[in-house]
Amino acid sequence: MGKMVNLTINGIKLSVPEGSTILDAARSTGIEIPTLCFMKDINEIGACRICVVEANEGRGFRQVTACVYPVSEGMEVLTNTDKIQKSRKTTLELILSVHDKHCLSCPRSTDCELQRLCNQYGVEESSFEGLKPVYEKDLSTPHLVRDNNKCILCRRCVAACKQQFVNVIGPNDRGFDTSIGQPFGLSLNETPCISCGQCTAVCPTGALTEKDDTDKVWAALADETKHVVVQTAPSVRATIGECFGLAPGNNVEGKMVAGLRRLGFDKVFDTDFGADLTIVEEANELVERIKNGGTLPMITSCSPGWVKFCEFYYPDLLPHLSSCKSPQRMTGAVIKTYYAEKMNIDPKDIFVVSVMPCTAKKFEIGRDDQNATGYYPDVDVALTTRECAKMFKRLGININTLPDEDFDSPLGEDTGAAVIFGATGGVMEAAVRTANAWLNGAKEAIDVMDLRGTKSIKETTVNLAGTPLKLCVASGAAAAKIVMDKLAAGNPDGWGFIEIMGCPGGCVNGGGQPIQPQYVRDTIDLKAVRAKALYDQDKEMPLRMSHESPAVIKIYEEWYKDGFGGEKAHHALHTSYIPRRKYR
C-alpha cells in the first residue's frame with residue numbers, strides 16, 4: 001500500500017491514498033458530494049462547479065472543486081455549509097437561466113440529474129434573466145436526437161465519444177456562444193458517428209436521447225390488419241428491471257414477457273433464438289474459411305455499432321467480418337419467412353418490433369441487404385430498453401408485480417449460449433462451445449473463463465481437432481482500434497477468430513440501456529453486475545450449446561434443408577457491408 005494521507009471531512013477523520021481527490025475521499029466514507037460534469041477516469045474537468053466544498057489547508061477555508069482537488073495531510077473539508085449550499089443554488093440558477101425548462105414533456109423528466117439537484121436545493125426558477133440562445137434540434141440520424149436547448153455544457157457526451165475513439169462531437173465557439181456539436185456545422189448524420197449511443201447513456205439532462213419510435217409501435221398495435229410480434233435481446237432481461245426501481249443485476253425475463261403480452265403483442269419471441277442461429281451459421285462459416293483458405297481471422301458481426309465503425313475506419317479490412325446478420329435481424333428474417341408460412345400470414349401484414357440494448361440497432365434495421373423476403377424489412381421498429389419501459393409505464397404496467405411467463409414457442413426456445421451474447425466474450429464463448437462439440441466430440445458445454453470479465457481486450461487459445469486457435473475479444477470502439485491496428489499490421493499475435501462489440505462491456509452496457517445517475521456509474525461496475533445475471537441464467541439452463549436448440553434443429557429440418565450455410569440459409573441469414581469514407 002502506498003502513502004496514506006490523513007484528513008477530516010465534516011468532522012470525520014479518515015485516511016486515503018495519496019493522490020486521491022476530495023471527492024474520492026468523501027465517497028470512501030459514505031459522504032455524497034453532488035456532481036454534474038464528473039465521470040470517474042473519463043471526464044474530470046471541474047467545469048460545472050456543483051461539487052464545490054470548503055477546504056482548509058492551514059490558510060483558512062476556501063472554496064475548491066472536490067472532483068479535481070487533491071487531498072493533503074491535515075486538510076479539513078466541509079461539504080454542506082450554508083455558504084456552499086448557496087453557491088450550489090446560485091450555480092443551478094445560472095444553468096437554468098439558459099436552459100429549456102419544459103420539463104413535463106422532456107424524455108428525461110424524473111430521470112434528470114439537473115432536475116434532481118434543483119429539487120434538492122429548492123430551485124424552481126432562475127433569478128437571472130437575459131439573452132437565451134435557441135438551437136434547432138438535430139434529427140438527422142435514425143437513432144438520436146440532439147437538443148442543445150437542454151445542454152448544460154458538462155461535456156460528458158464529448159468524453160464518452162472520445163473514449164469510443166470516434167470524436168465526432170465537441171465544443172464549438174467560445175464563451176457564451178459555446179455549444180456542443182459537430183465540426184463545421186455538420187449534422188450528426190454527416191459525420192462518422194457509429195450510432196453506439198454511449199453519449200445518450202451519460203448525458204445528465206434531455207440534451208441527448210434516443211429517437212423515440214414508440215408511436216410507431218402503438219399505431220401498429222392499434223391496426224387490426226397487422227400481426228404484431230416482439231422480440232427481446234439477451235441483455236434486456238438483465239437490465240429493464242432497473243427502470244422499475246430494481247437494483248442492477250436482476251434478471252426479470254418472465255415478468256418482462258408478461259408485460260409485453262399485456263401491451264397487446266400477438267407473439268413474444270426471444271432474440272436468443274436468433275443468437276443460437278448466429279452461432280451455428282458463424283461456426284460453419286469459420287470452419288469453411290479455415291478449410292477453403294478464406295479470409296482469417298474472422299471477426300464477429302453481431303454489433304451494428306462495431307460494424308459501422310469498421311466500415312468507416314477500417315473499410316479495407318471488411319472481408320474479415322463474418323457475413324452473418326445480427327441475432328436481431330436473423331430472428332426478424334425467420335419471423336417474416338418461416339413463421340409467416342407456418343402461420344399462413346402474408347409477410348406484409350407482420351410487424352416486427354425488437355427491444356434492444358443498443359441505439360445502433362435503429363440504424364441497423366434500415367441498412368441495405370436486410371430483407372429476407374425480398375420486399376419487406378426483417379425488423380420494422382427497433383426500440384431501446386428505455387423505450388420499452390416507457391411503453392409499460394404509459395399503460396401503468398409495473399413488471400415487478402407481474403407473474404413470470406414464458407416466451408412463445410418455437411421462437412422462444414433458446415440455450416445458455418444465446419443468453420450470454422449480452423456480455424463481452426459471450427459470443428466467442430458460445431462459438432467455442434459449439435466448435436468444441438463439433439470438432440472435439442465434446443458432449444458438455446465448457447465454460448471459457450478467460451473470455452469472461454470486463455477487460456476491454458481478452459485473449460485465449462483453444463484446441464480444436466488438434467489445432468490451436470488463438471482467440472481475441474474486444475469491447476468498445478477504442479479497444480476495437482487497438483485490435484484492428486494490429487490486424488492491419490499483419491496480425492502479429494496470430495489470432496484466428498475475433499469477437500468485437502461496439503460498447504464497452506458489450507450489450508449489457510449498450511447505449512439504449514436504462515439511465516443510471518453518474519454516481520452509480522462511478523461506484524458500481526454496471527457491466528459486471530448486469531453480465532453476472534446472464535451467466536447465472538446460462539449456468540441453470542438445461543441446454544447450453546446453440547446447436548442443441550430444438551428450435552434451431554427444427555428450422556433446418558423443415559426450412560433450411562440444405563444445412564448450415566446452405567443457399568437458402570445464406571440468402572436469409574447473411575448480409576453484406578459498405579466501405580464508407582475512410583476516417584483513419
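The structure we're discussing is the one just above.
Residues numbered from 1 in each chain as written. Predicted model: local features only at pLDDT ≥ 70, side-chain atom pairs only at ≥ 80, totals over all residues. Heavy atoms only, no water.

Colleague: Whenever I open this one, the pairing of strand β5 (residues 75–78) confuses me. Can you help?
Modeller: Moving residue by residue along a regular strand, the side chains alternate between the two faces of the sheet. With burial as the criterion, only one face of β5 is covered, namely that bearing Met75 and Val77; the residues Glu76 and Leu78 on the opposite face remain uncovered. In the sheet, strand β1 (residues 4–9) pairs with β5 via 3 bridges, with the strands oriented parallel. Counterpart to isoleucine 9 in the pairing with β5 is valine 77. Bridge count between strand β3 (residues 52–56) and β5: 3 bridges; the pairing is antiparallel. Counterpart to glutamate 54 in the pairing with β5 is leucine 78. (Buried < 20%, exposed > 50% of the residue type's maximum accessible area, 1.4 Å probe, protein only. Helix = DSSP H or I, 4+ residues; strand = E, 2+ residues; numbered from the N terminus. Pairing = 2+ DSSP bridges.)

Colleague: Just to check I follow, could you spell out the packing of helix α7 (residues 253–263) against helix α12 (residues 385–394) for this structure?
Modeller: In a pair of packed helices, the angle between the axes and the distance between the axes together describe the arrangement. α12 packs onto α7 with a crossing angle of 60 degrees between their chain directions and a minimal axis gap of 10 Å. Relative to α12, α7 is oriented oblique. In terms of crossing hand, the pair formed by α7 and α12 is left-handed. Counted together, Met256, Gly259, Leu260 and Leu263 of α7 and Cys388, Met391 and Phe392 of α12 form the full contact between these two elements. (Axes fitted to C-alpha atoms, helices over the stretch in contact; angles between N-to-C directions. Parallel < 35°, antiparallel > 145°, perpendicular 65-115°, else oblique. Left-handed = near helix turned anticlockwise from the far one by under 90°. Contact = heavy atoms within 4.5 Å.)

Colleague: What exactly am I supposed to notice about the packing of aromatic side chains here?
Modeller: To describe a pair of aromatic rings, one takes the distance between the centres and the angle between the planes. Enumeration over the complete set of coordinates arrives at 13 aromatic pairs. Between tryptophan 306 and phenylalanine 309, the aromatic rings sit 6.4 Å apart at their centres with planes inclined by 35 degrees, giving tilted as the arrangement. Of this pair, tryptophan 306 and phenylalanine 309 both sit in helix α9 (residues 304–313), 3 residues apart, which is roughly one turn of the helix. Both residues of the pair, tryptophan 306 and phenylalanine 309, count as buried. Considering the side-chain rings of tyrosine 375 and tyrosine 376, the 6.1 Å spacing of their centres and the 50 degrees angle between planes classify their relative orientation as tilted. A relative accessible area of 68% means that tyrosine 375 is categorised as exposed. Lysine 393 extends its terminal NZ or CZ atom over the ring of phenylalanine 244, reaching a point 5.3 Å from the ring centre. Against the face of tryptophan 559 rests lysine 568, its NZ or CZ located 3.7 Å from the ring centre. (Phe/Tyr/Trp six-rings, centres within 6.5 Å; stacked < 30°, edge-to-face > 60°. Lys NZ or Arg CZ within 6 Å of the ring centre and 35° of its normal.)

Colleague: Where do I start with the sheet that holds strand β4 (residues 61–65) in this structure?
Modeller: What holds strands together in a sheet is hydrogen bonding between their backbones, with the strands either parallel or antiparallel. The sheet built from 5 strands is open, its strands ordered β2-β1-β5-β3-β4 with mixed pairing. Whereas interior strands pair on both sides, the edge strands pair on one side only; in this sheet they are β2 (12–17) and β4. The average undirected angle you get between the axes of adjacent strands in this sheet is 35 degrees. Inspection of the sheet shows β1 paired to β2 by 6 bridges, in the antiparallel sense. Paired with isoleucine 9 across the strands is isoleucine 12, a residue of β2. Across the face of the sheet, helix α2 (residues 82–96) comes into contact with β3, β4 and β5 while running at roughly 150 degrees to β3.

Colleague: Honestly, unusual backbone geometry in this entry has me stumped. Any pointers?
Modeller: Cis rather than trans, the peptide bond between leucine 296 and proline 297 has omega equal to 0 degrees. In this structure, proline 297 sits in the loop between α8 (272–292) and β12 (298–299). Unusually for a residue other than glycine, arginine 155 sits at a positive phi of about 70 degrees. In this fold, arginine 155 is placed in the loop between β6 (144–146) and α4 (156–163). If you check the backbone angles, alanine 465 has positive phi at about 55 degrees while not being a glycine. On the secondary structure map, alanine 465 appears in the loop between β15 (457–464) and β16 (467–475).

Colleague: Got a minute to help me understand the sheet that holds strand β14 (residues 381–384) in this structure?
Modeller: In space, the 4 strands of this open sheet follow the order β11-β10-β13-β14, with parallel pairing throughout. Among the strands making up the open sheet, the edge pair consists of β11 (267–270) and β14. Taken over all neighbouring pairs, the strand axes of this sheet differ in orientation by 25 degrees on average, direction set aside. Strand direction decides the pairing type here: strand β10 (residues 227–232) and strand β13 (residues 350–356), joined by 6 bridges, are parallel. Considered in β13, the bridge of valine 229 is made with valine 352. Contacts from helix α6 (residues 214–222) reach β10, β13 and β14 within the one sheet, and its direction differs from that of β14 by about 125 degrees.

Colleague: Hey, could you run me through helix α17 (residues 526–540) in this one?
Modeller: Residues lying three or four places apart along an α-helix face the same way, a consequence of the helix completing one turn every 3.6 residues. With 15 residues, α17 should reach 21 Å at 1.5 Å per residue; the first-to-last C-alpha distance of 22 Å fits that figure. Of all the residues in α17, the buried ones are Leu526, Arg530, Ala531, Ala533, Leu534, Tyr535, Gln537 and Asp538. Tucked into the core, α17 has its buried residues touching α7, α13 (416–419), α14 (426–440) and α16 (518–523). (Expected span 1.5 Å × (residues − 1).)

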